[in-house]
Number of protein chains: 2
Amino acid sequence: MARKKEGLSERHRKIMEYLTEFIEEYGYSPSIREIGDAIDVKSTSLVDYYLNQLEERKYISREGRISRSIRVLQPIRSATKALSKQISDAAQAVTTAVDSIISIPLRGRIVASTPIPVPPSDFNYFDSESGVEIARSLLPAREKINELFALEVQGDSMIDAMVNDGDIIVMRPAQQASNGEMVAVWLDDKDETTLKYFYKENNRIRLQPANPTMDPIYVENTNDLRIMGKVVMVIRQYKNTVH
Amino acid sequence: MARKKEGLSERHRKIMEYLTEFIEEYGYSPSIREIGDAIDVKSTSLVDYYLNQLEERKYISREGRISRSIRVLQPIRSATKALSKQISDAAQAVTTAVDSIISIPLRGRIVASTPIPVPPSDFNYFDSESGVEIARSLLPAREKINELFALEVQGDSMIDAMVNDGDIIVMRPAQQASNGEMVAVWLDDKDETTLKYFYKENNRIRLQPANPTMDPIYVENTNDLRIMGKVVMVIRQYKNTVH
DNA sequence: ACTATACACGAACAAGTGTTCTGTGTCAAG
DNA sequence: CTTGACACAGAACACTTGTTCGTGTATAGT
């Protein structure tokens, strides 16, 4: 039947979606390798291949040899996405009149003895809880702000992470981490949540406390550990200054 | 042309203009060299120099090491150009932003071994340094925001206050404190700055570390201790989230 | 006169990034 | 079965782009 012409494949669609979201969020387009990562394609050449097709079909345009020069010409509409996007847009518009401030939903408390209430990957949870307002300039500029959520720390069990009772931690959901990142992990054998710096070593994982005077934990079996998210920020407020 | 302070120079203005026009036109931001050509600057380093100034003053934001990642935050109004839409947008942004977000000047670093650079009560020190932007909703409602200043913690010497290297602490100058407040004090006999909870007891002052596992310090003679300010907030950022 | 600071150039460097080439496997048409 | 279009990986390459460093100049303040 030799058709290929008309329909965009799933890949094409995912690229377009990623493109629009990325540009919306950061104001500039992703690199080829970033696109590859996002749509799970290993080689830059293949991304280029798809990009050329999209360009040929006038979905995007790009400038030869210029970095991050992709423009979206025809916004693609996946019915579901469009809706959720509008909702989150609206939410964002309401809570943050300006782009310079964002409101991060406060999802609950984080306690050592129970798993943290990670939002379902279906985010868009936007709702009744209170939010923590943070200037965007305080966050890494690339941060995907609509994934972020905040938790209030309960109890003193995380002092080895330099985190105190009442502190607020801002995190981003994640299942994996890179070396050196501060993550919230659930340890199966200890039955607890903890905050540690993450380091993958040869056949084990080292969890290093932020407090330099304390010793690391080693986890030999990857299955004994579940990464719940990466810590983006910690905020401690001293309210009592009003007297 | 010897000028430095607040006002943007002609160069700054030209850069902002070029930036907004370019982005408007192409949908992505120009490279440093392109900016240099446009404003007649021969060296990339000088463009970088101006760009850093603009970033510090929150006119733009950009991503380290990422090509063409400049975003315009505050549209500049060149009397001639001013696009009417941008004006009203900007006007609105300014008015709403101004009271929901405040910029706290970053005065320097706080090190255990030296007194903190408390601003002279002559506040009007106003900037040239960079600021830490914080949503007003995170501060106690009665806080006198124009007295606040921020310091970046240097070194691990304050881990007993649950404060780490690189943390940012927001404080308000003060010479006295009430019980239970977190203060920055200079200890004459030890020759160091430290952060502790303040408690006045019968004939002495108890300085209690935030870390509940550590022991307090007692100061018998009030003159051996100088309160530099009250801690309002501590912020810890984890930058390394490069996905 | 001396110093500190802001402004400026240019070159070298390193990282980011797009392009190209070679090779592999799949699948449907001939 | 063979062929050829297609989807894909990987690596090498080359160009683009941001960063850093050494140097120089002018001006203001001491």
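First things first, this report covers the structure right here in the doc.

Procedures and definitions
Residues numbered from 1 in each chain as written. Chains lettered and ligands numbered in written order. Predicted model: local features only at pLDDT ≥ 70, side-chain atom pairs only at ≥ 80, totals over all residues. Heavy atoms only, no water. Core = buried A, V, L, I, M, F, W, Y, C linked by side-chain atoms within 4.5 Å. Buried < 20%, exposed > 50% of the residue type's maximum accessible area, 1.4 Å probe, protein only. Helix = DSSP H or I, 4+ residues; strand = E, 2+ residues; numbered from the N terminus. Contact = heavy atoms within 4.5 Å. Arc of directions from axis to C-beta. Near = heavy atom within 4 Å. Polar contact = N/O pair within 3.5 Å; in protein donor to acceptor, adjacent residues only side chain to side chain. Nonpolar A, V, L, I, M, F, W, Y, C, P; charged D, E, K, R; others polar. Buried area = accessible area lost by both parts, 1.4 Å probe. Salt bridge = Lys/Arg side-chain N within 4 Å of Asp/Glu carboxyl O. Pairing = 2+ DSSP bridges. Axes fitted to C-alpha atoms, helices over the stretch in contact; angles between N-to-C directions. Parallel < 35°, antiparallel > 145°, perpendicular 65-115°, else oblique.

### Some points on the nonpolar core
Working step 1: Counting residues in hydrophobic clusters, the biggest one holds 29 residues, and the most contacted among them are Ile134 and Met233 of chain A together with Ile134 and Met233 of chain B.
Working step 2: Among the secondary structure elements, those contributing two or more residues to this core are strand S3 (101–110), strand S4 (131–135), strand S6 (168–173) and strand S11 (225–237) of chain A together with strand S3 (101–110), strand S4 (131–135), strand S6 (168–173) and strand S11 (225–237) of chain B.
Working step 3: What methionine 233 of chain B contacts, discounting residues up to four positions off in sequence, is Ile235, Arg236, Gln237 and Tyr238 of chain A together with Ile134, Leu138, Leu139, Ile168, Ile169 and Val170 of chain B.

### Some details on helix H2 (residues 32–39) of chain B
All names here are of chain B.
Working step 1: Among the residues of H2, those classed as buried are Ile35, Gly36 and Ile39. For H2, the angular spread of buried residues about the axis comes to 100°, placing them on one side. In H2, the exposed residues that point more than 90 degrees away from the buried face are Arg33 and Asp37.
Working step 2: In this structure, the buried side of H2 is in contact with helix H1 (10–26) and helix H3 (44–56).
Working step 3: At the C-terminal side of H2, aspartate 40 shows a positive phi close to 70°.

### Regarding the protein's contact with DNA strand C
Working step 1: Within the structure, DNA strand C sits among 27 residues, and Ile32 and Arg68 of chain A together with Ser45, Tyr49 and Tyr50 of chain B are positioned closest to it.
Working step 2: If you look at DNA strand C and keep only atoms within 4 Å of the protein, 64% of those are sugar or phosphate atoms.
Working step 3: At a separation of 2.8 Å, a base oxygen of DNA strand C approaches a polar side-chain atom of arginine 33 of chain A.
Working step 4: At 2.7 Å, a side-chain N or O of tyrosine 49 of chain B approaches a phosphate oxygen of DNA strand C.
Working step 5: Elements supplying a minimum of two residues to the surface near DNA strand C: helix H2 (32–39) and helix H3 (44–56) of chain A together with H3 of chain B.
Working step 6: Tallied by class, residues from the surface near DNA strand C come to eight nonpolar, ten polar and nine charged.

### Considerations on the interface of chain B and chain A
Where the parts come together, the accessible area they lose is often given as the size of the interface.
Working step 1: On the chain A side, the residues contacting the 56 residues of chain B number 54 residues.
Working step 2: Buried area between chain B and chain A, both sides added, is near 4900 Å², and the carbon and sulfur share of it is 54%.
Working step 3: Inspection of the chain B/chain A interface yields zero salt bridges.
Working step 4: At the junction of chain B with chain A, the criterion picks out twelve residue pairs in polar contact (both at pLDDT 80 or more).
Working step 5: Here the side of chain B that touches chain A gets eight residues from one element, more than from any other, and that element is S11 of chain B.
Working step 6: Pairing between S11 of chain A and S11 of chain B: five bridges, direction antiparallel. Note that in S11 of chain B the partner of methionine 233 of chain A across the bridge is glutamine 237 of chain B.

### Some details on the protein's contact with DNA strand D
Working step 1: Of all residues adjacent to DNA strand D, which total 27 residues, the nearest are Ser45, Tyr49 and Tyr50 of chain A together with Ile32 and Arg68 of chain B.
Working step 2: At the protein interface, 68% of the atoms of DNA strand D within 4 Å belong to sugar or phosphate.
Working step 3: The contact in question runs from a base oxygen of DNA strand D to an N or O atom on the side chain of serine 45 of chain A, over 2.6 Å.
Working step 4: Between DNA strand D and arginine 68 of chain B, the relevant distance is 2.4 Å, taken from a phosphate oxygen to a side-chain nitrogen or oxygen of the residue.

### As for the pairing of S11 of chain A
Residues and elements named next belong to chain A.
Working step 1: For S11, the tally of buried residues reaches eleven of 13 residues, placing the bulk of the element in the interior.
Working step 2: With five bridges connecting them, strand S7 (residues 181–187) and S11 associate as antiparallel partners. Among the inter-strand pairings, alanine 184 is bridged to a residue of S11, identified as glycine 229.

### Examining the pairing of strand S5 (residues 149–153) of chain B
Residue and element names in this part refer to chain B.
Working step 1: Within S5, four of the five residues are buried, which leaves the element mostly enclosed by the surrounding structure.
Working step 2: Bridge count between S3 and S5: four bridges; the pairing is parallel. Bridging across to S5, arginine 109 finds its partner in glutamate 152.
Working step 3: Across four bridges, the pairing between S5 and S6 is antiparallel. Bridging across to S6, glutamate 152 finds its partner in isoleucine 168.

### Some thoughts on the environment of isoleucine 23 of chain B
All names here are of chain B.
Working step 1: Tracing the backbone through its elements, the reader meets isoleucine 23 in helix H1.
Working step 2: For isoleucine 23, a relative accessible area of 24% corresponds to the partly exposed category.
Working step 3: With residues up to four places along the chain from it excluded, the contact list for isoleucine 23 reads Tyr28, Ser29, Pro30, Ile70 and Val72.

### Brief notes about the packing of H2 of chain B against H3 of chain B
Residue and element names in this part refer to chain B.
Working step 1: Packing of H2 against H3 leaves a shortest axis separation of 9 Å and a crossing angle of 95°. One element, H2, and the other, H3, form an angle in the roughly perpendicular class. Contacts between H2 and H3 involve Ile32, Arg33, Ile35 and Gly36 from the former and Thr44, Val47, Asp48 and Leu51 from the latter.
Working step 2: Residue composition of the contact of H2 with H3, by class: four nonpolar, two polar and two charged.

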